[in-house]
Amino acid sequence: MRIFLYVAVGLLFLGCTTLKPTVAEYRMGVKEDVVKSSAKGCAAKSLKVAQAFSTASLLSLQMEYAETGGKVFAYSQSQWQESPNSFITSQLFGSVRDFELFGSVHSFGSRVKTDLILETNIEEFMQFYAPDMNSSYVNVLISLTLIDTKTSTVIATKTFRSKVKTKTADASGGVEAYREALAEIVANKRVWLEESCR
């Protein structure tokens, strides 16, 4: 009778447990060469890098992809370690700071009143699959606007686009392609900012 009771209790506990698949987390780190600016036009100015504007989906950790026909799905076993909005904002901040084009660079959380503000609008950040689902590419579209805070006027604005084919048609391949696309945009952004400060 005791053996039967132990078996029944054991089966009861087994029935209450669920097996959940392991979720892989991906961190978006863009490898770039540390480049110093030679332009002096903004050396005496301070800049604040604003929190990026984006759709609500880019504020979450969910990794999404699109299929033919415009249908958007989420990867079930992969997610971001940090939301796309957050890591793009921090990536731009670090890149601008290390570029040393401005006298000082501050994050969006700073209370410092700056001469300029850099606004970012993430218009597209998506992995697209071909109809046969055997290949994919990522498309990144980011608009940047440099604003004079004293007059609230636009000094310069530009939209950066990057489309990169993935090496593998999965979440991991998408992450690598995103890194490449963002590295290209960050490099082009440096050139644009330097030209805006001449």
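Residues numbered from 1 in each chain as written. Predicted model: local features only at pLDDT ≥ 70, side-chain atom pairs only at ≥ 80, totals over all residues. Heavy atoms only, no water.

> Is there a simple way to explain the pairing of strand β7 (residues 136–148) in this structure?
Put simply, side chains in a regular strand alternate between the two faces of the sheet. Burial runs high along β7: ten of the 13 residues are buried. Inspection of the sheet shows strand β6 (residues 116–129) paired to β7 by 13 bridges, in the antiparallel sense. Along β7, the bridge assignment pairs E119 with T145. Here β6 folds back onto β7 in antiparallel fashion, the turn holding six residues, of which M133 has a positive phi close to 65 degrees. Where β7 meets strand β8 (residues 153–165), twelve bridges bridge the pair, whose relative direction is antiparallel. Looking at the pairing, S143 lines up with T159 of β8. The hairpin turn running from β7 into β8, its antiparallel successor, is four residues long, and S152 in that turn takes a positive phi close to 55 degrees. (Buried < 20%, exposed > 50% of the residue type's maximum accessible area, 1.4 Å probe, protein only. Helix = DSSP H or I, 4+ residues; strand = E, 2+ residues; numbered from the N terminus. Pairing = 2+ DSSP bridges.)

> Help me understand the nonpolar core in this model?
Nonpolar side chains in soluble globular proteins generally cluster together in the buried interior. Ranked by size, the top nonpolar core spans 45 residues in total, and within it F102, F125 and L182 carry the most contacts. The residues contacting F102, other than those within four sequence positions of it, are C42, A43, K45, L47, V96, L116, L193 and C197. (Core = buried A, V, L, I, M, F, W, Y, C linked by side-chain atoms within 4.5 Å. Contact = heavy atoms within 4.5 Å.)

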